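Spelled out from the first residue to the last, the chains are:
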Amino acid sequence: GLEAELMKSFMESGLYRLDQSDVVFIDPVRLLNDSYSRFRLSPSAYYSRHFPPSSTPNEKRNRKRKRNKPRHAPLNLNERELCAEERHQQVRPLLLNAHRKLLEASQLLRILPRIVESEAALECRERVVEQNFVELGSSWRAPFCEIALKNPQGLRSGLSEGRKLVPLFDNIISVESDDDIEAEFQNAIYVLPPKSLFLMSDLRQVRKLIAGDSAEGFNLIVIDPPWENGSARQKAMYPTLPNRQFMYLPVKELAHSDGSLVALWITNRQKLQDFVVKDLLPAWGISHATPFYWLKVKPDGSLIGDLDLFHHRPYELLLLGYVNVDFNSECMKTIKHLKESRVIISVPGAYSRKPPLGKLLEEYIPGQRPSRCIELFARELVAGWTSWGNEPLHFQDATYYLGK
Ligand code: SAM
C-alpha cells in the first residue's frame, strides 16, 4: 500500500514524508551520500552517539524519587524563563503531532534500528584520531601547511598518480572533477565531494567568498554559529564567539541578487532567541522569519529526552528567512513561500552535528537551478556547495567513509 511506497522511496532518497509535507523523517546518511560516487558514509560512524535504552516506567519512578532538582518547569520562573516556557507550550502540540506521525509509521520504525546500527559505532569510532584543524589553523605553522589533492582533475591514469599541493589554510580550494577525490594531509586521507569548494579560515577571511558580482552570490545560506553556552562539553569541542560578533557576518553581501534563503540554527536559550529576533535578523536584513523544528529521536523512535524537560529539550530551532528578495519578481512566483512551521525528525549523529538541509529546503530557495549554496561554520563538505569554517574537513576524514 501507501506505506510500502513511502518506504521504498525512503530507502532510496533518505526522506520520508510523514504528514503530506509538513513533517519529514530523514536519514542524514542517505541524504549525504548523494554527494559521493566512489565513497559512501559509514552509517555506524555517522550514528556514533550511544543512546541508553528508554527506561521502564518502574525505573523512571525510582529515579524521580531520588532527584531533588525539578526537571520540568520550576515553579519560581523569572521573566525570561516564563517566555521560554510559553514558547515551548506553543510548539508542543506541533511536536507531539509530528512524533505521533512517526510512531504510526510502523514499517519505518521497524527498520530504523537496523539503519542506525549503533552497536558497531563504538568500535569504529575508537580508532579515529582526529586532526585538530582549529588549533593548527591558529598556530604559527598554519601558513606552511599544504594538502595534497590526488587526481585533482579526476584522471585515473593508472601509472603516475596525479597530485597537486595547495595551501590548506586561508585558501579557497575547489574540487573540479565530477567524482569524489581524495586528499592527503599529515598521513590522513580526506574525501572531497565533486564540485565542492571550501575555505578553512577564521572569521576575518570569510569576505574572500563574497562574489565580485552579486549575480554570482548564493541562493541558500546555512549558518550554524558557535553560540556561547554553559556546556563544558561544548567548550572542549570547539571555540565559541560572543553574540555580537555574528552581527558582522556578511550575510547580505554573500546573497545572490535574485535573493537568498537563510537558514539559521539556534539553541533553546531564551536570551539567545531574544538577541536573534531583536538584533541579529535586523542587522542581516532578514524578512519572513519562520521557525522550523528539528526533533531528535533514538533508534527506537522515542524522543532522546522528555519533551518537557526544562533545560534539555529534545528539539532545536531552525530559523528560516529571506534576504535580498523581491516578492514581485518572476522567480519568487515559482517557489514555495515560507509560512507554516515544519518539523524535521532524525536520529542525531555526533555532538552538535546538524542534519543536511539542501534537499529539505529546495522548494523554498529563490533563483536559478541548481541553486548556489553555502554553509557558514561548516564541519563538512557537500557536492556543489561552498563550505566555510575553521574545520570544514572535520567530517571528511576517510575513516568516516566506506569504499563503494
Ligand atoms: N553545523 C556543523 C555541523 O553540523 O557539524 C556544526 C557547527 S559548530 C556549531 C560551529 C563551528 O564553528 C565549529 O566547527 C567551530 O570550530 C567553528 N568556529 C568557531 N569559531 C570560529 C571562527 N572564529 N572562525 C571560523 N569558525 C569558527
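Since this is a predicted model, take the numbers as computed values, not measurements.

A. Structural detail: the overall build of the chain. Secondary structure assignment for the chain yields 13 helices and 17 strands. For the chain, buried positions account for 50% of its 404 residues. Within the chain, residue pairs in contact and separated by at least 24 positions form 74% of the contacts whose partners lie at least 6 positions apart. Of the roughly 20200 Å² of accessible surface on the chain, a fraction of 50% belongs to carbon and sulfur atoms.

B. Representation of the site of the ligand. Around the ligand, a shell composed of 20 residues is seen, among which D224, K354, R379, N390 and E391 lie nearest. A distance of 2.9 Å separates a nitrogen atom of the ligand from a polar atom in the side chain of D202. Contacts to the ligand include R379, whose side-chain N or O atom sits 2.7 Å from an oxygen atom. Protein contacts shield 98% of the accessible area of the ligand, which totals 610 Å² for the unbound molecule.

C. Quick look at the sheet that holds strand 4 (residues 146-150). On the basis of which strands lie adjacent, the open sheet formed by four strands has the order 5-4-7-8 and antiparallel pairing. One side of each edge strand has no neighbouring strand; the edge strands of this open sheet are strand 5 (163-167) and strand 8 (188-192). Pairs of neighbouring strands in the sheet enclose a mean axial angle of 30°, with direction left out of account. Sheet analysis places strand 4 next to strand 7 (residues 181-185), joined by two bridges and oriented antiparallel. The partner of A148 across the bridge, within strand 7, is E184.

D. Looking closely at unusual backbone geometry. For the bond running from R369 to P370, omega is -5°, close enough to zero to count as cis. Structurally, the position occupied by P370 is in the loop between helix 13 (358-361) and strand 15 (373-376). Despite not being glycine, K195 has its phi angle at roughly 55°, a positive value. With respect to the secondary-structure elements, K195 resides in the loop between strand 8 and strand 9 (197-200). Positive phi, normally seen in glycine, also occurs at N324, with a value near 65°. Along the chain, the position of N324 falls in the loop between strand 13 (315-323) and helix 12 (330-333).

E. Helix 5 (residues 79-104), seen in detail. Helix length check: helix 5, at 26 residues, gives a terminal C-alpha distance of 38 Å against a target of 38 Å (1.5 Å per residue), a fit within 8%. The largest bend along helix 5 measures about 40° and falls at V91, with the proline P93 one to four residues further on. For helix 5, every residue scored as buried is listed here: A84, E85, H88, V91, L95, A98, H99 and L102. Looking at where helix 5 begins, the residue whose side-chain oxygen comes 3.1 Å from the main-chain nitrogen of R80 is N78.

F. A look at the packing of helix 1 (residues 2-13) against helix 6 (residues 106-116). Two elements in contact, helix 1 and helix 6, have axes separated by 9 Å at closest approach and are oriented at 30°. Here helix 1 is positioned roughly parallel relative to helix 6, judged by the angle of their axes. For helix 1 against helix 6, the interelement crossing comes out right-handed. Residues E3, A4, M7, F10 and M11 of helix 1 touch helix 6, and the partners they reach there are S106, Q107, L108, I111 and I115. Residues belonging to the contact of helix 1 with helix 6 are distributed by class as follows: seven nonpolar, two polar and one charged.

G. Looking closely at the pairing of strand 8. Taken across its five residues, strand 8 has four buried, putting it largely inside the fold. Sheet topology note: the strand 7/strand 8 ladder contains five bridges and is antiparallel. Bridge pairing links I181 to L192 in strand 8. Count of turn residues in the strand 7/strand 8 antiparallel hairpin: two residues, of which Q186 carries a positive phi of about 45°.

H. A look at the pattern of salt bridges. One pass over the structure, following the stated rule, counts 15 salt bridges. Between R92 and D308 there is a salt bridge, and its shortest N-O distance comes to 2.8 Å. Of this pair, R92 sits in helix 5 while D308 sits in the loop between strand 12 (287-296) and strand 13, placing them 216 residues apart in sequence. Close ionic contact of E363 with R342 constitutes a salt bridge, the shortest N to O distance being 2.8 Å. Taken together, the residues E363 in the loop between helix 13 and strand 15 and R342 in the loop between helix 12 and strand 14 (343-346) connect sequence positions 21 residues apart. The network of salt bridges with common partners includes K150, R163 and E184.

I. Spatial organisation of the confidence of the model for the chain. Put simply, the chain has an average pLDDT of 89, and 88% of its residues get 70 or more. Two numbers describe this predicted complex: its pTM, 0.93, and its ipTM, 0.99.

J. Representation of helix 11 (residues 270-284) in the model. The terminal C-alpha atoms of helix 11, which comprises 15 residues, lie 20 Å apart, in line with the 21 Å expected from a rise of 1.5 Å per residue. In the structure, helix 11 departs most strongly from a straight axis at V276, where the bend amounts to approximately 45°. Those residues of helix 11 that fall on the buried side of the exposure criterion are Q270, L272, Q273, F275, V276, L280, L281 and W284. Considering only its buried residues, helix 11 is in contact with helix 5, strand 10 (220-223), helix 10 (251-254), strand 11 (260-266), strand 12 and strand 13. Of the residues trailing helix 11, G285 is marked for its positive phi of about 75°.

Thresholds applied
Residues numbered from 1 in each chain as written. Predicted model: local features only at pLDDT ≥ 70, side-chain atom pairs only at ≥ 80, totals over all residues. Heavy atoms only, no water. Helix = DSSP H or I, 4+ residues; strand = E, 2+ residues; numbered from the N terminus. Buried < 20%, exposed > 50% of the residue type's maximum accessible area, 1.4 Å probe, protein only. Contact = heavy atoms within 4.5 Å. Areas by Shrake-Rupley, 256 points an atom, 1.4 Å probe, with all protein chains shown as cover. Near = heavy atom within 4 Å. Polar contact = N/O pair within 3.5 Å; in protein donor to acceptor, adjacent residues only side chain to side chain. Pairing = 2+ DSSP bridges. Axes fitted to C-alpha atoms, helices over the stretch in contact; angles between N-to-C directions. Expected span 1.5 Å × (residues − 1). Bend = angle between axes of the 7 residues up to and from the residue. Parallel < 35°, antiparallel > 145°, perpendicular 65-115°, else oblique. Left-handed = near helix turned anticlockwise from the far one by under 90°. Nonpolar A, V, L, I, M, F, W, Y, C, P; charged D, E, K, R; others polar. Salt bridge = Lys/Arg side-chain N within 4 Å of Asp/Glu carboxyl O. pLDDT = per-residue confidence, 0-100.

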